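For reference, the chains in residue letters:
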Amino acid sequence: MTRVLVLNCGSSSLKYRLFDGADTVAKGLVERIGESGGDAADHLTALQRIMAETDLDGLSAVGHRVVHGGPEFTAATVIDDGVVERIEALIPLAPLHQPAALSGIAVARKLLPAVPQVAVFDTAFHATIPPEGYTWAIDADLAERWQIRRYGFHGTSHAYVARRTAEVLGRPPAETNVITLHLGNGASACAVEGGRSVATSMGLSPLDGLVMGTRSGAIDPTVIFHLHRVAGLPLDEIETSLTRHGGLLGLTGENDLRAVLSRRAHGDAKATLAFDVYTRRIREYVGSYLAVLGRVDAITFTAGVGENSAVVRAASLAGLEPLGIAVDPERNEAAAAIISPDGTRTAVCVVPTDEELEIADQSRAALGLSRP
Ligand code: AMP
């Protein structure tokens, strides 16, 4: 048996999914942890509750989603005390996300001491980006001292979706170049060359790159100096503004793209502009990654928006026919696996992501187990 429990721990939530092979045998979400009227007082109680409700017999691993692996974690890693210390040392790089993952690891090691635990990092897939792709042209000593570089996130999703795209095309993953577009609440683009990430749009944090539900995506850093110096906003407030009150929410007051689409359909000017900004940014990254990769076999849409919104898929790639990229309206409406017309140079695909399955598989692989 290779049953794997996947835990995705947020500051006030614990999402879990139990796999038997590739099959999901249990899943759920404990919410509003630590809040009055919430599901549990703390993460320990939350996991105890999950264990009481779920048959964890024959568990061969617990896989933990960890947002930041820093420069050193380049693959899923079996957890011991030393690994926990090294993950703790990365808290300054992800102060909003890392403590929650550590708390999930601590309670799982405590309550399931006999089960091997594996950390699966959102950054690890991007460890293959070459230095010229992850280095910013800032003072090199400062960058080295403070570990400032592009790390990239959503790695488990990009890895999974790029591999699945190769399967859809019937090509070996090692010979397939894909631009993956993970468009969910968070959003990022990735250039995958023969199964390896060579460029991605998120940076030191998940704030960079595409326009997201509440995150601005890429902006000129001078915006921050200006808001601080001229508008007098404190840094914390600027960070909150860019990460929680930016993106679609900042432009329209709605963070859910469905609401933006419905307002746009009724002619709302703000929603129309937000949609145009959102899809143009995607097109800019597609163009950039076409140039990075040279030959692109497929462009793949995934996650909540990418899997469900035909109008976003069509608008994001509009006008690229001269580059051999086109979307067939009927296939797009049906969200077929391949939505480009037959015979185009670059296929356009829709591939549902499954980050938890990828975490389970990477956890098994880190332990030398294979999926039955
Ligand atoms: P995810 O983070 O992958 O769960 O994606 C969540 C986001 O997907 C939501 O905030 C919605 O904006 C978006 N979404 C889900 N379904 C649709 C849909 N049918 N059309 C447009 N956007 C959608």
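Conventions adopted
- Residues numbered from 1 in each chain as written.
- Predicted model: local features only at pLDDT ≥ 70, side-chain atom pairs only at ≥ 80, totals over all residues.
- Heavy atoms only, no water.
- Near = heavy atom within 4 Å.
- Polar contact = N/O pair within 3.5 Å; in protein donor to acceptor, adjacent residues only side chain to side chain.
- Helix = DSSP H or I, 4+ residues; strand = E, 2+ residues; numbered from the N terminus.
- Nonpolar A, V, L, I, M, F, W, Y, C, P; charged D, E, K, R; others polar.
- Phe/Tyr/Trp six-rings, centres within 6.5 Å; stacked < 30°, edge-to-face > 60°.
- Buried < 20%, exposed > 50% of the residue type's maximum accessible area, 1.4 Å probe, protein only.
- Lys NZ or Arg CZ within 6 Å of the ring centre and 35° of its normal.

Residues in close proximity to the ligand include Gly184, Asn185, Asp256, Leu257, Arg258, Leu261, Ala303, Gly304, Val305, Asn308 and Ser309, which together make up its full environment. Backbone polar atom of Gly304 to an oxygen atom of the ligand: 2.9 Å apart, as the coordinates give it. Within the backbone of Val305, a nitrogen or oxygen atom sits 3.4 Å from an oxygen atom of the ligand. Secondary-structure elements contributing two or more residues to the shell around the ligand are helix 10 (257-265) and helix 12 (303-308). Among the elements that make up the shell around the ligand, the one with the highest residue count is helix 12 (four residues). The class makeup of the residues in the shell around the ligand is four nonpolar, five polar and two charged.

A separate point is the packing of aromatic side chains. The final tally for this structure, using the stated rule, is two aromatic pairs. A centroid spacing of 4.4 Å and a plane angle of 15° characterise the contact between Phe73 and Phe121, whose relative ring orientation is stacked. Here Phe121 lies in strand 6 (residues 117-121) and Phe73 lies in the loop between strand 4 (59-66) and strand 5 (77-78), a separation of 48 residues in the sequence. We note that Phe73, like Phe121, is buried. One cation-aromatic arrangement involves Arg149 over Tyr134; the distance from NZ or CZ to the ring centre is 3.7 Å.

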